[in-house]
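# Descriptive structure summary
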2 protein chains.
Amino acid sequence: MKYEYLTNEDLDIAVESYIAALKGEGLAPKAETIPVFEAAGRITANAVYAHICAPHYNASAMDGIALLAAVTFGATETTPVRLAPTDFIQVDTGDPMPDGTDAVVMIEDVVRDGDDVLLYGAATPWQHVRQVGEDVCAGDMILPSYTRIAPAALGAMLAGGVLEVEVVKPPVVGIIPTGDEIVAPCTDPKPGDIIEFNSTIFSGILAEWGATPKVYPIVKDIKEDIINTMKQAVDECDAVIINAGSSAGRDDYSSLAVSTVGKMLYHGIAIKPGKPAILGYAGAKPILGVPGYPVSGIIVLEQIMKPVIEVMTGANLHRQDEIEATLGRVMTSPLKYREFVRVRVGINEKGEFIATPLNRGAGVVTSFVKADGIIDVPQDCEGYEPGDKVKVTLLRPKEELANTLTIIGSHDPLIDEIIDVLKRDNPDSVVSSSHVGSMGAIMALKRGEAQMGAIHLLDEETGEYNTSYVNKHFKDGGVVLEKGVKRIQGLMIAKGNPKGIKEFSDITRDDISYVNRQKGSGTRILCDFLIKQNNIDASKIYGYEREEFTHTSVAAQIASGTADAGLGIYSAAKTYDLDFIPICNEEYDLLINEEAYNTEKIQAFLKVLKSDELKERLERLGGYETWN
Amino acid sequence: MKYEYLTNEDLDIAVESYIAALKGEGLAPKAETIPVFEAAGRITANAVYAHICAPHYNASAMDGIALLAAVTFGATETTPVRLAPTDFIQVDTGDPMPDGTDAVVMIEDVVRDGDDVLLYGAATPWQHVRQVGEDVCAGDMILPSYTRIAPAALGAMLAGGVLEVEVVKPPVVGIIPTGDEIVAPCTDPKPGDIIEFNSTIFSGILAEWGATPKVYPIVKDIKEDIINTMKQAVDECDAVIINAGSSAGRDDYSSLAVSTVGKMLYHGIAIKPGKPAILGYAGAKPILGVPGYPVSGIIVLEQIMKPVIEVMTGANLHRQDEIEATLGRVMTSPLKYREFVRVRVGINEKGEFIATPLNRGAGVVTSFVKADGIIDVPQDCEGYEPGDKVKVTLLRPKEELANTLTIIGSHDPLIDEIIDVLKRDNPDSVVSSSHVGSMGAIMALKRGEAQMGAIHLLDEETGEYNTSYVNKHFKDGGVVLEKGVKRIQGLMIAKGNPKGIKEFSDITRDDISYVNRQKGSGTRILCDFLIKQNNIDASKIYGYEREEFTHTSVAAQIASGTADAGLGIYSAAKTYDLDFIPICNEEYDLLINEEAYNTEKIQAFLKVLKSDELKERLERLGGYETWN
């Protein structure tokens, strides 16, 4: 019942032969004629030639008198020429040259003598005249084919008497979502429902590429329905995307539908994610089968659909910056596939780009929201070592990265709140934050992956927070420890405390299911400290190995009823309306690269940290105490 | 009657205090709520938080059996645990975890024994389970304020149960075109009419910045009408642009209208072009007075309106690449103004950017179509020498420049036709071509401003074309001379030859007005050769000093009746339906930088030059002969 792939083709070869096959079927941009004033940003379908000259008449380029230059010939400083009023006409700049005149004498050079004027110098024919066609001449090519029409070009066309222009018609791309579990976006999905958001992502991407998306209603996994919808879409659209369900345990009607309606060129491309892609066509209409996981879908669109859309629109869409970055940590990759890995990109104080791989789950769409770029790992590459140089295709403008404040470390919603305040004060500010725990913060600062890390690390011996860890890991300095906030940590438990949990040691009870935090997080260290303090045997805690990465995800497990207790901060318990047993008031501080400390971005961050605005937001979140 | 400027303010100071004044009046982005599926590319007006977790249920991450991990405790390779059918439930990947289960054992590890199964290892609670909130947790911030919504973020929002999102409402910017001579775009303007295309250019620019343009009908220079339209626009829009006529010889009602309806902060900014700009506001509504010349208008919008729109939209619009380029030639600039000079940017074989200033006329809108970037010349700078390094703000993506084939030289429409064929074959190809004459081509290649130049230079002594010039100017080689086409040069004269012109020497006749080409052009050199050959006294030629830069502009002067004759190629005469007296068949060749010769872009160009497609196009143009 698993997908069966007919092919395991190399991506480049597949795309090249797919494009060749489509062009062989006649795939090319279509044209439509639209008024020029609606054409900004569109792509010309044909060369545009001027119909008239601009300017279309000879005009005075000065304030003065227009005359026939010949009547001034012989004038010198000593022998002026006298002109009668019939010999000249007064003109302002921009006035059309009167009939029978071919030169302008500046008003400053005109000496009045009654109604006559005296000129003490001869005029050259066509002096001070803005001549016909200075800007553009009738017959000149204003724009070649397949050129994006910038706003100034609209002016050039209108000046050249071009009122309508043939532009590339946006190809209509049908998107068919399929699957029994797929439901339309809603706020109360049932267990097992999969919210159908791929068609919205794909529509957004296609619109950015200049295509017009057309989303069909969700089709259940019924063979006839899928084939019929495919037929309808091929009939109505210029290209079709069928989005298969993500489950591998089902019949595969997508490839059947493609083969029935058209021709299937490939089913299975040696990329990860995106392996199940189907490359087919019906005549000159591309049909793409896209896997169900959103990340796989985006990669397949980017790698396979984009070059097809380029052929259909005549547009150059591959305008992403590419940079060389240093990998901060080890990254393995399977030899079977060419892999596309989403990464965060930071910039260290030496100006080097540092890439940090993100969650590689094909279902984790937020990894794409957070990603700054993509590493393209060749099929024959087993991965990279820390320090290796890698090419990163950027998803954001390069100069934005240089201004980005990269924060890696312990999770607290206050970081997001500070980012929001920063954005409201200055929309240019860019902060990239990743939740990898307090020890992750220390490692990230050591590796130069971040300018700032958030930590809350309890020293078991002294009972103090953070200082001893910083002293130990940064023996030679290089970092500044900045006071952050105090926050209440405790045991989050279900609303109303149905299991009557009284204290931390209750988590060993047989009827209690615990949910833990990941190793290296400050909260995990606190958990292990409490276990030791209470002389608990960790193996007695049901769920000790169940690891979550944020306070809210621990709270979410408890709220969903799959765990009874977990350590976390008060604000997370409050967000999920959980009960809370306070355990300690911990110090959540900021570790900052010393060289970056005085940069604008760090100082702006610290200013917000100490602001009244943040204090108000923290009060709403609950469980915080500020130092100022 | 000239404009009177109240101020001559420094641009940076003016913009800063303008923004401060507007913010003081409460200028800020407005918000509107829209469905998420329509939100791609929009800017968030507020932080977006997830309403539900994604995934919203615990799901099996494997095909296998779901069970309570506790029932497997104690299982080892030697002492398996036997489970009855009531202890487990078969699940596929993606299935919701059945009630009472908290772990999945992979199907590969399940040993069937009748209806029972045997497990040879204990399961850990929550193993192989994709837990609630792996992607995003309820309460987590998905996007901060004032962030562009990328397609993947639409998915993250829908996954997080967010169906509607508050985004920045595009500010409506009213555009009021004014002026007695201004007419709507048309194909047959009367002498003195000025085609109103600024509102279309401005609309295109504003739309690119995320604003919604609203163009008002053209208002004549009637004080009351201008004030009333301004009142209406301030009432109906979030910001207003009044586009003054370009003529300086008129009453200035723009500043009066601004002062009447609101407050005028500045009138006159020390920039060139753009000096007449008016910076005003009515409450929190910016009112900008923009000069009438299109280039001035674009510069004022870019320098003054853009930062205002950034405040109104929360968007970061200053994303243009900046490069350092070498100036190929001298460029002077007035000390009174900060000047914005449009330039072409080429890249030489050492990978250095070379900037070449374009026509600086404020009325020449095509200079903006051709421009690759802008040099910002400080007010206290008198200009630059050849070889000086200058900062160029790019109007095109930087990587496009690296692929650009720069052609500088003699004008012939065939260059544009080749560019069009190249574009149709490969929309990625970018060719930048400037018409500066044959000698200009030689200089441009010497300075490294271009990879290719087009020349047709007659050696008066040998009667041969081009070779002797190349030998003289490139004594050490470094260039390749490639055969181009043969084309017929001759005298273009009015249709029907009303003045009975028979041969070149007729241009000295008293009743004949001649139009010449610029010094350094091959056609000018031909003209001077013919003058010498015919023993003509150039001072006898009426209009000898009247210089045009292209064949079509010479033809345009003759067609408009302001000249009787001019030298040019047959195709130009044909385009303008002129009569033509053939004089010679000249060789129009291509001079190519030797190092660039084998690059893809040059070879692609030469391939088209020799193609049948071009031959057909040349036949349509008329007067050409190809070498192959």
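Residues numbered from 1 in each chain as written. Chains lettered and ligands numbered in written order. Predicted model: local features only at pLDDT ≥ 70, side-chain atom pairs only at ≥ 80, totals over all residues. Heavy atoms only, no water.

All right, on to the overall build of chain A then. When you go through chain A residue by residue, the secondary structure sums to 16 helices and 37 strands. What you see for chain A is a C-alpha radius of gyration of 35 Å, clearly larger than the 25 Å of a compact globule of 628 residues, by over 25%. Along the longest, intermediate and shortest principal axes, the C-alpha atoms of chain A span 115 × 70 × 45 Å. When the 628 residues of chain A are sorted by exposure, 58% land in the buried category. A total of about 24,600 Å² of accessible surface is found on chain A, and carbon and sulfur atoms cover 50% of it. Distance between charge centroids for chain A: 8 Å, based on 59 positive and 91 negative side chains. (Helix = DSSP H or I, 4+ residues; strand = E, 2+ residues; numbered from the N terminus. Rg over C-alpha atoms; globule rule 2.2 N^0.38 Å. Buried < 20%, exposed > 50% of the residue type's maximum accessible area, 1.4 Å probe, protein only. Areas by Shrake-Rupley, 256 points an atom, 1.4 Å probe, with all protein chains shown as cover. Lys, Arg positive; Asp, Glu negative; His and termini not counted. Charge placed at Lys NZ, Arg CZ, Asp CG, Glu CD.)

What follows deals with the relation of the copies chain B and chain A. At an RMSD of 0.1 Å, chain B and chain A line up after a rotation of 180° and a shift of 0.0 Å along the axis. The superposition operator between the copies reduces to a two-fold rotation axis. Looking at the interface residues of chain B, 99% of them are also at the interface in chain A, so both copies use one shared face. (Least-squares fit on C-alpha atoms with pLDDT ≥ 70 in both. Contact = heavy atoms within 4.5 Å.)

Quick reminder: α-helices carry 3.6 residues per turn. Residues three or four places apart thus point the same way. Residues and elements named next belong to chain B. Here helix α6 (residues 294-313) is 20 residues long, yet its end C-alpha atoms lie only 25 Å apart, well below the 28 Å a rise of 1.5 Å per residue gives. Where α6 bends most, the angle comes to about 45°, and this point is M305, followed within four residues by the proline P307. Burial of α6 is extensive: 18 of the 20 residues sit out of reach of the surface. (Expected span 1.5 Å × (residues − 1). Bend = angle between axes of the 7 residues up to and from the residue.)

Residues at a pLDDT of 70 or more form 98% of chain A, whose mean pLDDT is 93. Model confidence for the complex is summarised by a pTM of 0.93, with the ipTM given as 0.94. (pLDDT = per-residue confidence, 0-100.)

A separate point is unusual backbone geometry. With omega at -10°, the peptide bond leading from A:A54 into A:P55 counts as cis. Among the structural elements, A:P55 can be located in the loop between β2 (48-49) and β3 (59-60). Positive phi outside glycine occurs at A:N466, with the angle close to 70°. By the secondary structure assignment, A:N466 is in the loop between β31 (452-455) and α11 (467-473). Non-glycine residue B:N535 carries a positive phi angle of around 55°. Summarising the element assignment, B:N535 is placed in the loop between α12 (522-533) and β34 (547-548).

Our next topic: the interface of chain B and chain A. Counting residues at the interface gives 112 residues for chain B, matched by 111 residues for chain A. Overall, the association of chain B and chain A removes approximately 8,500 Å² of surface from exposure, summing both partners, and the carbon and sulfur fraction of that is 58%. On the chain B side of the interface with chain A, the three residues burying the most area are B:D135, B:R424 and B:Y542, jointly 7% of the side's total. Linking chain B with chain A are two salt bridges, by the criterion used here. As a salt-bridge pair, B:E208 and A:R148 come within 2.7 Å of each other at their nearest N and O atoms. (Buried area = accessible area lost by both parts, 1.4 Å probe. Salt bridge = Lys/Arg side-chain N within 4 Å of Asp/Glu carboxyl O.)

The subject of this paragraph is the sheet that holds strand β7 (residues 103-106) of chain B. Residues and elements named next belong to chain B. Ordered by their spatial adjacency, three strands build an open sheet running β6-β4-β7, and the pairing between neighbours is antiparallel. Edge positions in the open sheet fall to β6 (88-91) and β7, since each of these has one partner strand only. Direction aside, neighbouring strands of the sheet carry axes that sit 35° apart on average. (Pairing = 2+ DSSP bridges. Axes fitted to C-alpha atoms, helices over the stretch in contact; angles between N-to-C directions.)

Moving on, we get to the packing of aromatic side chains. Scanning the model with the defined rule gives four aromatic pairs over all chains in all. Look at A:F73 and B:Y542: their rings are 5.9 Å apart centre to centre, the planes differ by 45°, and that puts the pair in the tilted class. Of the two residues, A:F73 is situated in the loop between β4 (64-67) and β5 (81-83) and B:Y542 in the loop between α12 and β34; the pairing between them involves two chains. When its relative accessible area of 16% is taken as the criterion, B:Y542 is described as buried. Where A:Y570 meets A:F580, the ring centres are 5.3 Å apart and the plane angle is 80°; that geometry is what we call edge-to-face. (Phe/Tyr/Trp six-rings, centres within 6.5 Å; stacked < 30°, edge-to-face > 60°.)

Among the six residues of strand β30 (residues 430-435) of chain A, five are classified as buried, and the element is accordingly described as predominantly covered. Running through helix α9 (residues 413-425) of chain A, the crossover from strand β29 (residues 404-409) of chain A to the neighbouring parallel element β30(A) is right-handed. (Right-handed = clockwise from strand over helix to strand, strands pointing away.)

Let us look at the sheet that holds strand β7 (residues 103-106) of chain A. Residue and element names in this part refer to chain A. Ordered in space as β6-β4-β7, the three strands form an open sheet in which the pairing is antiparallel. This sheet does not close on itself; its edge strands, each paired only once, are β6 (88-91) and β7. Each strand of the sheet is rotated relative to its neighbour by a mean of 35°, with strand direction disregarded. Strand direction decides the pairing type here: β4 and β6, joined by four bridges, are antiparallel. Following the sheet pairing, L67 is matched in β6 by F88.

Residues and elements named next belong to chain A. Structurally, G484 can be placed in strand β32 (residues 479-493). Counting along the chain gives 73 residues from G484 to H411, while the straight-line C-alpha distance between them is 13 Å. In this structure, G484 is in contact with Y588, D589, L609 and W627, ignoring residues within four places of it in sequence.

Once that is clear, we can look at the environment of A:H551. Structurally, the position occupied by A:H551 is in helix α13 (residues 551-559). Taking the C-alpha atoms as reference, A:H551 lies 23 Å from A:V470; in sequence the two are 81 residues apart.

Now for the pairing of strand β24 (residues 338-347) of chain A. All names here are of chain A. With ten of ten residues buried, β24 lies mostly within the body of the structure. Where burial is concerned, the two faces of β24 agree: the one with R338, F340, R342, R344 and G346 and the one with E339, V341, V343, V345 and I347 are both buried. Bridge count for strand β19 (residues 271-272) against β24 is two bridges, and the pairing is parallel. By the bridge assignment for β24, I271 is matched with R338. Direction of pairing for β24 relative to strand β26 (residues 373-377): antiparallel, over a ladder of five bridges. Residue pairing in the sheet places E339 in a bridge with V377 of β26. Pairing of β24 with strand β25 (residues 353-357) involves five bridges; the strand directions are antiparallel. Considered in β25, the bridge of G346 is made with I354. Two successive antiparallel strands, β24 and β25, enclose a turn made up of five residues, where G351 displays a positive phi of approximately 85°.

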